[in-house]
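Chain by chain, the residues run as shown.
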Amino acid sequence: MTTPATPAAPTVDELESQELRLVLPQFTYDDAWALGSLLVDLARERGAPVAIDITRGGQQLFHAALPGSTPDNDAWIARKRRVVERYGCSSLLVGTRFRAKGTTFEESSRLDPDAYAAHGGAFPIAVRGAGVIGAVVVSGLPQIEDHAMVVEALERFA
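Asks: What is the right way to look at the sheet that holds strand β5 (residues 131-139) in this model?
Replies: Pairing is mixed in the open sheet, where five strands are placed in the order β1-β4-β5-β2-β3. Unpaired on one side and paired on the other, β1 (23-24) and β3 (59-65) mark the two borders of the sheet.

Asks: Just checking my understanding: could you explain the pattern of salt bridges for this structure?
Replies: Side chains that carry opposite charge are capable of pairing whenever their charged atoms lie near each other. The tally for this structure, following the rule as stated, stands at seven salt bridges. Note that E155 is salt-bridged to R21, the shortest N-O span being 2.3 Å. Of this pair, E155 sits in helix α6 (residues 143-157) while R21 sits in helix α1 (residues 12-21), and the two are 134 residues apart along the sequence. Its relative accessible area of 41% is what places E155 among the partly exposed residues. Among the salt bridges present, the one from K80 reaches D146, with a minimum N-O distance of 3.0 Å. Placement of K80 in helix α3 (residues 71-87) and of D146 in helix α6 is noted, with a sequence separation of 66 residues between them. Exposure remark for K80: the relative accessible area of 2% places this residue in the buried category.

Asks: So what exactly am I meant to see when it comes to α1 here?
Replies: Along α1, the residues classified as buried are L15, Q18 and E19. The arc that holds every buried residue of α1, seen down its axis, measures 95 degrees, which confines them to one face. With respect to the buried face of α1, the exposed residues turned more than 90 degrees away are D13 and L20. Residues of α1 that are buried sit in contact with β1, α4 (91-100), β4 (122-127) and α6.

Rules used throughout
- Residues numbered from 1 in each chain as written.
- Predicted model: local features only at pLDDT ≥ 70, side-chain atom pairs only at ≥ 80, totals over all residues.
- Heavy atoms only, no water.
- Pairing = 2+ DSSP bridges.
- Helix = DSSP H or I, 4+ residues; strand = E, 2+ residues; numbered from the N terminus.
- Salt bridge = Lys/Arg side-chain N within 4 Å of Asp/Glu carboxyl O.
- Buried < 20%, exposed > 50% of the residue type's maximum accessible area, 1.4 Å probe, protein only.
- Arc of directions from axis to C-beta.
- Contact = heavy atoms within 4.5 Å.

Right under this line is the structure:
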């Protein structure tokens, strides 16, 4: 079991750069299975107690809960995914933008914190020429690590 070092919190510019770089040519049902399976493999290699979820157009295409994950992770997935759906960018980027302005998402977004969480781990699935069509979400690790796992998988997948 290999656990990578905890990554440093990325800046707004770094997060925006990730999103510009990780635009896919397409995203099919088979792609959802392949990306989800890649995330499961990464999580198993690291013994990560995560849940993984992929949606497209409001339809859940992939979901896996690994040993050590809990129903709480599914609740976090839903809250982080709603942030991607509302803002069109990663949940970590949304939270980081609020912090860069000297506030927090919870204080300033005027959104219900029981329904929305701007914590790392949800990343937009963006398709060239179509924009954001869905989200891939990991929950179960500290937020920076959830985000980093999704980005690593997308970089390998793209």
